[in-house]
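# Secondary and tertiary structure notes
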Amino acid sequence: ILLDLMMPNIDGFKVVEEISKNKKLCDIPIVLQSGLSDGDQIKKLYLQKAKVIGMILKPYNKKVVLSVIKHIY
């Protein structure tokens, strides 16, 4: 899952929280993307049961995204 932290109606932090509660979804790798640089909030995501494996800060380029995705496989 490539997940933006800032979305309308629900933020990515809540999405990660919900994914981490679901046994069928909690093992799916999640790569976060955001313009945020709030390290404390981002660290909390890594401590949850969800499989947050990386973070891409905006603005980013195609090479960075592809590199992170290739790392998953």
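This section reports on the structure supplied with the text. Bear in mind that the values here come from a model prediction, so they are computed numbers and not experimental data. (Residues numbered from 1 in each chain as written. Predicted model: local features only at pLDDT ≥ 70, side-chain atom pairs only at ≥ 80, totals over all residues. Heavy atoms only, no water.)

### Considerations on the pattern of salt bridges
- Enumeration over the complete set of coordinates arrives at 5 salt bridges.
- Between Lys 58 and Asp 4 there is a salt bridge, and its shortest N-O distance comes to 2.5 Å. Of the two residues, Lys 58 is situated in the loop between β3 (51-57) and α3 (62-72) and Asp 4 in strand β1 (residues 2-4); the sequence distance between them amounts to 54 residues.
- Of the residues examined, Lys 58 reaches a relative accessible area of 37% and is grouped as partly exposed.
- Note that Glu 17 and Lys 21 form a salt bridge whose closest N and O atoms lie 3.4 Å from each other. Of the two residues, Glu 17 and Lys 21 are both situated in helix α1 (residues 12-21); the distance of 4 residues between them amounts to about one turn of the helix.
- Assessed through its relative accessible area of 55%, Lys 21 is described here as exposed.
- Linked by salt bridges that have partners in common, Lys 14, Glu 17, Glu 18 and Lys 21 make up one network. (Salt bridge = Lys/Arg side-chain N within 4 Å of Asp/Glu carboxyl O. Helix = DSSP H or I, 4+ residues; strand = E, 2+ residues; numbered from the N terminus. Buried < 20%, exposed > 50% of the residue type's maximum accessible area, 1.4 Å probe, protein only.)

### Considerations on the environment of Met 55
- In this fold, Met 55 is placed in strand β3.
- A C-alpha to C-alpha distance of 5.7 Å links Met 55 and Gln 33, two positions 22 residues apart in sequence.

### Section: the sheet that holds strand β2 (residues 29-34)
- Read from one edge to the other, the open sheet built from 3 strands follows the order β1-β2-β3, with strand pairing classed as parallel. With one partner strand each, in any of the chains shown, β1 and β3 form the two edges of the open sheet. Pairs of neighbouring strands in the sheet enclose a mean axial angle of 30°, with direction left out of account.
- The pairing of β2 with β3 spans 6 bridges and is classified as parallel. Bridge pairing in β3 links Ile 30 to Val 52.
- Along the sheet face, α1 touches β1, β2 and β3 and points at about 135° away from the line of β1. (Pairing = 2+ DSSP bridges. Axes fitted to C-alpha atoms, helices over the stretch in contact; angles between N-to-C directions. Contact = heavy atoms within 4.5 Å.)

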